[in-house]
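Secondary and tertiary structure notes
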Amino acid sequence: MQEVVAVKISYGDKDLISFNFFAELFRLLGLYVEEDFIEDDPRAEDKKKDYSYQLFLCISDERSESGDTVWIPSSCLGNWNMSRSDQEILANVTTALDRIQTWCENYDKFFPCGFVKQILPIYIKNNVLKGAMQIQYYRIKTKYHQETERIFLDTLKELESLKINSKYLSYAKLYCKQKANLSCYFQKEKPLDYAISTLVSECDDLIRQYPDFSNAKVLRGMICERSSDGLKMAINSYRKALSQVGEKSYASHIYYWVGLLYEKFINSQDDAAYAYKCSYQLKKKYRNIYKIGYMAEKEQDYSKAIDYYKECVELLEKKRQGNMDPLEIEYYFKTGVLISFHSHRHMEDYDQAIDYGNRMMNFYEKEFSEKPGGHFEYWYGPDALQYQELSERRLKCKKLYECLAIAHRETGNMEESDKYWNLAGQA
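Residues numbered from 1 in each chain as written. Predicted model: local features only at pLDDT ≥ 70, side-chain atom pairs only at ≥ 80, totals over all residues. Heavy atoms only, no water.

The next point concerns the sheet that holds strand 4 (residues 55-60). Either a parallel or an antiparallel arrangement is found when strands of a sheet pair, and the pairing is made through backbone hydrogen bonds. The parallel open sheet is built from four strands, whose spatial order is 3-2-4-5. Each edge of the sheet is formed by a strand with only one pairing partner; in this case those strands are strand 3 (32-37) and strand 5 (70-73). The average angle at which neighbouring strand axes cross in this sheet is 25 degrees, direction not considered. Alignment of strand 2 (residues 6-11) against strand 4, held across five bridges, turns out to be parallel. Counterpart to Lys 8 in the pairing with strand 4 is Phe 56. (Pairing = 2+ DSSP bridges. Helix = DSSP H or I, 4+ residues; strand = E, 2+ residues; numbered from the N terminus. Axes fitted to C-alpha atoms, helices over the stretch in contact; angles between N-to-C directions.)

A few words now on helix 17 (residues 384-394). Burial in helix 17 covers these residues: Ala 384, Tyr 387, Gln 388, Leu 390 and Ser 391. Around the axis of helix 17, the buried residues are gathered within 160 degrees of arc, so they sit on the same side. In this fold, the buried residues of helix 17 make contact with helix 4 (128-137), helix 5 (145-160), helix 14 (326-345), helix 15 (350-368) and helix 16 (374-380). (Buried < 20%, exposed > 50% of the residue type's maximum accessible area, 1.4 Å probe, protein only. Arc of directions from axis to C-beta. Contact = heavy atoms within 4.5 Å.)

Bringing empty space enclosed by the protein into the picture now. A complete count under the given rule lists two cavities of 30 Å³ or more for this structure. The volume enclosed by the second largest cavity comes to roughly 30 Å³. Around the second largest cavity sit Tyr 11, Gly 12, Asp 13, Leu 16, Phe 37, Lys 319, Gly 322 and Asn 323, which together line it. Taken together, the residues that form the lining of the second largest cavity break down as three nonpolar, three polar and two charged. (1 Å grid on protein atoms, 1.4 Å probe; cavity = no way out; pocket = protein on both sides within 12 Å on 5 of 7 lines; lining within 4 Å. Points joined across faces, edges and corners; volume = space filled by probe spheres on them. Nonpolar A, V, L, I, M, F, W, Y, C, P; charged D, E, K, R; others polar.)

The next subject is the nonpolar core. Ile 9, Phe 21, Phe 22, Phe 26 and Phe 111 are the most contacted members of the largest nonpolar core, which has 144 residues in total. Those residues in contact with Phe 26, other than ones at most four positions away along the chain, are Val 7, Ile 9, Leu 31, Val 33, Leu 57, Ile 100 and Phe 111. (Core = buried A, V, L, I, M, F, W, Y, C linked by side-chain atoms within 4.5 Å.)

Before going further, it helps to spend a moment on the packing of aromatic side chains. According to the stated counting rule, one finds 32 aromatic pairs in the structure shown. Seen from their ring centres, Tyr 280 and Tyr 308 are 5.8 Å apart, and the 90 degrees between their planes marks the pair as edge-to-face. Note that Tyr 280 is positioned in helix 11 (residues 269-282) and Tyr 308 in helix 13 (residues 302-317), a separation of 28 residues in sequence. Among the residues examined, Tyr 280 registers a relative accessible area of 13% and is labelled buried. Ring geometry for Tyr 364 versus Phe 368: centroids 5.0 Å apart, planes at 45 degrees, classification tilted. Of this pair, Tyr 364 and Phe 368 both sit in helix 15, separated by four residues, roughly a single helical turn. Accessibility assignment for this pair places Tyr 364 and Phe 368 in one class, buried. Lys 179 extends its terminal NZ or CZ atom over the ring of Tyr 175, reaching a point 4.2 Å from the ring centre. Directly above the ring of Tyr 331 sits Lys 334, whose terminal nitrogen or CZ lies 4.1 Å from the centroid. (Phe/Tyr/Trp six-rings, centres within 6.5 Å; stacked < 30°, edge-to-face > 60°. Lys NZ or Arg CZ within 6 Å of the ring centre and 35° of its normal.)

Written out as structure tokens, the structure reads:
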């Protein structure tokens, strides 16, 4: 019987919450999860399977179940959003888990469905999805991470009451402790809930007990990476995980984290660039594309940087008709502004600077002129306004206005140039 270690989930542009709901549930167990955004017919997904994965799910209105894909209807979560923590979706999700269990039994795969059903009410009640997403979307110091910390501490307390012996439970409890600590880091002058040395010791015990559990080594890296004396330990943990995972596509995110540590904390740009390149080659994602562009920018290869930034924008534009999340909104805007900036500053391509500048202006106005509205309502329901305003404060328009002012000046349109200089002065 083959153990399910990695899951790939395909979904369409209306099902991003459903994808994240299942993805974070599985990540809580220590499974690797990869997303596969469906652009066309979901039934065509079988033609491009990556057999790094043992389980394939497809969330779609159109039934797309085949021999190696488990179909989950889009209606599974109904109108659920991250402002809610009620149990009304429990029955539908349980039915989806039954479908997964049946498929695994038929194809001789082991998936811990019984354990998942045990923790599912805890996961829903405490809104673990929101806690995980807040850390992903808003990696900044903000009062909202007080709620994030509470989510993981409450979840941990309930997990600790379960009287079962399972590597998945051990991982889930450590995962909650690591996320609670990270929530403390993103609050002002908040001490950590758990000593890093204690969590490292607990994780080492888990690794010794289950040496093939490579994601436990990834978790060990996450535990260490915020410690001033733990950066090399974190990189070493990630590299040990990579030595087990190999060149499977889901290793992309591990390489990305290695790159971040080299770039931001160890200041080794060559090592960072290499890690980002490995991440990009295994699975193109908007964040690793952006980072490769940023590495080219630091090398002053502005033409190459613009090419990668364009690739990043184009990837994100595929989601614009659906529901971009707050982090995607931020990356889309700042990357488009960088294209505009480097186009006028280094390439003297003023038409391109104006083109991307206007695109980012229109995007910004669409996202933030209506309050609350757009994608934020999809994610947060009645709580949309506070998160929309938090994101708006993170997107600075001054640089965008200056790009448009300079580009219009260079093309001889002084009226437009003066307009944007005035806006830049007020920003």
